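Analysis of the macromolecular model
Read off the chains here:
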Amino acid sequence: MSMEKRSEADVRESLRGWVCRTSGKLSPGQLRDDMPILENRLITSLQVMELILYLEQLRGAPVDVEKLRPGTFRDINAIYQSFFVSEN
Amino acid sequence: MEVMEQALEQTSSYRWHANGQSAFGEDLLSLYRKLDGLFLRLAGLYRAREYQFPTFISARELAKLDYFTSFPQIVTFPVCLDAGEDNLQAFSDGSPLDGDGQVRLTATAPVREVLTPAACYHLYIHLQGQRLDGPRHLTTRNTCFRRETHYLPLQRQWSFSMREIVCLGSAEEVKRFLESARERVARIFAQIKLPIDWKPATDPFFRPQRSAKYLVQRLDPVKTEMVFEDRLAIGSVNLHRNYFGEAFDIRRGDEAAFSGCVAFGLERWMFAFLSRFGPSAGDWPDLDTLRVL
């Protein structure tokens, strides 16, 4: 619900900010939306669990872990498409 | 497959131990060595440096990989009696075995070691703290130990042999190695006409539904298995990204090294080979003259 007020740019910025803060390997501004996140191991497996919790908070809806598929967390673009576009 | 197991039972040079171990000699041992020779020839194409490592791995080193939380169901520990004289006396004075063959242990010494669960771990521990100025290729074979709920001759064993060829380097160097090694292995399958499919897979994590590592392997597939007749994985190609590089501080340039390995389960290769070509050595393709290119 709260996400309806968020613009795409706002969501993307929040996602970039979270990944950079969590990873500690990049400063915001260095992370592009098409930069591979898991492939480059910017975030660890435990942090992927935290990311899922963060996404639930950000979009105000649960994430069904069973339905996650390869590529879902490839980069910021993929995360945005998977969790913020298909919603009504 | 049961046919194969019956054939093995009737082979005098083979003996299956129900606790998940195989003993073999003569033609079967020759096959084992020829297969390993084939993998070594493949390793040679990358000028891989060959290493031999001990049976034990330090538990402290394995803990850096979260091994004990990821795979507690698999791990096997070597156990010794506490060295105190009274304790040893108590052990030898009692009946050391019960009727089931179970050892009646008295006090045991602290356990700080693990029986090797995967051959390549030794290589990363060996390279710990190093700075690589180019891609590094290495190979090793070890007896590996994995506790399972059930065992099958040559297919699922508590102890088995694993040959690995490993590349450490940049992401690009490791990717190139894995692609080229996979093509070369596929050419071996084509030459000896062994029916193999390449299938994406995950490692056997404990309670996968609760494992973050399992989830990430599903989201970002890094393991491809060589599957014989749709049911037995006889080897795999694995990309570790920079997991081992970070855990053991191995660097390539300014960054944590990437790594990848090609792993061959020797007994499983034997099983696939025997299933395909039969138990008689006269019917087997000549592995010594097989071209690895």
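Residues numbered from 1 in each chain as written. Chains lettered and ligands numbered in written order. Predicted model: local features only at pLDDT ≥ 70, side-chain atom pairs only at ≥ 80, totals over all residues. Heavy atoms only, no water.

**So, the overall build of chain B**
For clarity, the cut-off: Think of it this way: any DSSP run of H or I at least four residues long counts as a helix, any run of E at least two long counts as a strand, and we number them from the N terminus. With the radius of gyration taken over C-alpha atoms, the globule rule is written as 2.2 Å times the number of residues to the power 0.38. By definition in these notes, contact holds between two residues if any of their heavy atoms fall within 4.5 Å. All accessible areas in this document rest on Shrake-Rupley with a 1.4 Å probe, and a residue is counted as covered only by the protein chains that are shown. Counting rule for charge: Lys and Arg are taken as positive, Asp and Glu as negative, and neither His nor the chain ends is counted. By convention, the charge on Lys lies at NZ, on Arg at CZ, on Asp at CG and on Glu at CD.
Counting secondary structure elements, chain B contains 10 helices and 14 strands. Relative to the compact-globule value of 19 Å for 293 residues, chain B shows a C-alpha radius of gyration of 21 Å, a close match. Summarising its shape, the C-alpha atoms of chain B cover approximately 60 × 55 × 35 Å along the three principal directions. Partitioning the intrachain contacts of chain B with sequence separation of at least 6 by distance along the chain shows that 73% fall at a separation of at least 24. Within the structure as shown, chain B displays about 14,600 Å² of accessible surface, and the carbon and sulfur contribution to it stands at 48%. Positive and negative side-chain charges of chain B, numbering 36 and 37 respectively, have mean locations separated by a distance of 6 Å.

**A short note on the confidence of the model for chain A**
Basically, it comes down to this: Residue-level confidence of the predictor is what pLDDT reports, using numbers from 0 through 100.
Overall, the predicted model of chain A reaches an average pLDDT of 86, with 91% of residues at or above 70. Per-element averaging of pLDDT across chain A places helix α2 (residues 45-59) of chain A at the bottom with 90 and helix α1 (residues 8-23) of chain A at the top with 93.

**Looking at the pairing of strand β2 (residues 21-24) of chain B**
Residue and element names in this part refer to chain B. We count it as follows: The pairing criterion is simple: DSSP has to find at least two bridges between the two strands.
The sheet contact formed by strand β1 (residues 14-17) and β2 spans 4 bridges and is antiparallel. The residue bridging R15 from the neighbouring strand is A23, located in β2. The turn joining β1 and β2, which pair antiparallel and follow one another in sequence, is formed by 3 residues; a positive phi near 90 degrees is taken by G20.

**A look at the interface of chain A and chain B**
Accessible area lost upon the coming together of the parts is a frequently used measure of interface size. Selection criterion: When two components associate, each loses some accessible surface as probed by a 1.4 Å sphere; the sum of these losses over both components is called the buried area. Each reported salt bridge corresponds to a side-chain nitrogen of Lys or Arg within 4 Å of a carboxyl oxygen of Asp or Glu. Here a polar contact means two N or O atoms within 3.5 Å. Within protein one must be a hydrogen donor candidate and the other an acceptor candidate, and residues neighboring in sequence count only if both atoms are side-chain atoms. Nonpolar residues are Ala, Val, Leu, Ile, Met, Phe, Trp, Tyr, Cys and Pro. Charged residues are Asp, Glu, Lys and Arg, and all others, Gly as well, are polar.
Each side of the interface is counted separately: chain A has 18 residues, and chain B has 15 residues. In total, chain A and chain B occlude about 1,400 Å² of area from one another, counting both sides; carbon and sulfur atoms represent 60% of this. If you sort the residues of chain A by the area they bury against chain B, L38, R41 and S45 of chain A come out on top, with a joint share of 38%. Counting the contacts that link chain A with chain B gives 2 salt bridges. E246 of chain B is the salt-bridge partner of R41 of chain A, the closest N and O atoms lying 3.2 Å from each other. There are 7 residue pairs in polar contact (both at pLDDT 80 or more) connecting chain A and chain B. Of the residues belonging to the side of chain A that touches chain B, the class tally is 9 nonpolar, 4 polar and 5 charged.

**A short note on the sheet that holds strand β10 (residues 223-228) of chain B**
Residue and element names in this part refer to chain B. So the rule is basically this: In this analysis, axes come from line fits to C-alpha atoms, helices being fitted only over the stretch in contact, and the angle between any two N-to-C directions falls in the range 0 to 180 degrees.
Taken together, the 7 strands give an open sheet; going across it, the order is β3-β7-β8-β14-β11-β10-β9, and neighbouring strands pair in mixed fashion. Each of the sheet's edge strands pairs with one partner strand only, and the pair in question is β3 (49-51) and β9 (196-201). Taken over all neighbouring pairs, the strand axes of this sheet differ in orientation by 20 degrees on average, direction set aside. Strand contacts of helix α2 (residues 26-45): β3, β7 (136-145), β8 (159-169) and β14 (258-265), with the helix running at about 5 degrees to β8, the strand carrying the most contacts.

**Let's talk about the sheet that holds strand β13 (residues 255-256) of chain B**
All names here are of chain B. Taking strand neighbours across the sheet as the criterion, the 3 strands line up as β6-β12-β13 in an open arrangement whose pairing is mixed. One side of each edge strand has no neighbouring strand; the edge strands of this open sheet are β6 (131-132) and β13. For strand β12 (residues 251-252) and β13, the ladder comprises 2 bridges, and the chain directions are antiparallel. Residue pairing for β13: R252 is matched across the bridge by E255.

**Digging into the nonpolar core**
If you look at soluble globular proteins, the nonpolar side chains tend to sit buried side by side. Residue and element names in this part refer to chain B. Applied cut-off: By convention a nonpolar core is built from buried Ala, Val, Leu, Ile, Met, Phe, Trp, Tyr and Cys residues, the set being connected through side-chain atoms within 4.5 Å. With a 1.4 Å probe rolled over the protein chains alone, any residue whose accessible area is under 20% of its type maximum counts as buried; one over 50% counts as exposed, and the rest are partly exposed.
Residues L194, M226, I234, V262 and F264 are the most contacted members of the largest nonpolar core, which totals 46 residues. Among the elements of the structure, α1 (2-9), α2, β8, α7 (171-192), β10, β11 (232-241), β14 and α10 (266-277) are those that each provide at least two residues to this core. Apart from the residues lying within four places of it in its own chain, the contact partners of I234 are F189, L194, I196, M226, F228, A263, F264, G265, R268, W269 and A272. Grouped together as the second largest cluster of nonpolar side chains are 32 residues, A59, L65, Y67 and L168 included.

**A few points about the packing of aromatic side chains**
Put simply, the test is: Working definition: a ring pair exists when centres of Phe, Tyr or Trp rings (six-membered ring for Trp) sit within 6.5 Å. Plane angles under 30 degrees give stacked, over 60 give edge-to-face, the rest tilted. Here, a charge over a ring is recorded when the distance from Lys NZ or Arg CZ to the ring centre is within 6 Å and its angle to the ring normal is within 35 degrees.
Scanning the entire structure with this criterion turns up 21 aromatic pairs over all chains. Here the aromatic rings of F39 of chain B and F264 of chain B are separated by 3.9 Å at their centres, their planes lie at 5 degrees, and the arrangement is stacked. You can see F39 of chain B sitting in helix α2 and its partner F264 of chain B sitting in strand β14, a full 225 residues away along the chain. Across the pair, exposure class does not vary: F39 of chain B and F264 of chain B are buried alike. Each member of the aromatic cluster is reached from another via a ring pair, and the members are Y67, F68, F71, F77, Y121, Y124, F205, Y243 and F244 of chain B. Between R12 of chain A and the ring centre of Y80 of chain A, over which it is positioned, the NZ or CZ distance is 4.7 Å. Of note, R147 of chain B hangs over the ring of W158 of chain B, and the distance from its end group to the ring centre comes to 4.3 Å.

**Observations concerning the packing of α2 of chain A against helix α3 (residues 76-85) of chain A**
Residue and element names in this part refer to chain A. As a reminder, the rule being used: Here the angle decides the label: under 35 degrees means roughly parallel, over 145 means roughly antiparallel, 65 to 115 means roughly perpendicular, and every other value means oblique. Less than a right angle of anticlockwise turn of the near helix away from the far helix marks a crossing as left-handed, whereas a clockwise turn marks it as right-handed.
For the pair α2 and α3, the least separation of the axes is 11 Å and the interaxial angle reads 50 degrees. Accordingly, the angle class assigned to the pair α2 and α3 is oblique. In this structure, α2 crosses over α3, and the sense of that crossing is right-handed. When α2 is examined against α3, the residues L51, L55, L58 and R59 are found in contact with a partner set consisting of I79, F83 and F84. Along the lines of polarity and charge, the residues of the contact of α2 with α3 split into 6 nonpolar, no polar and 1 charged.

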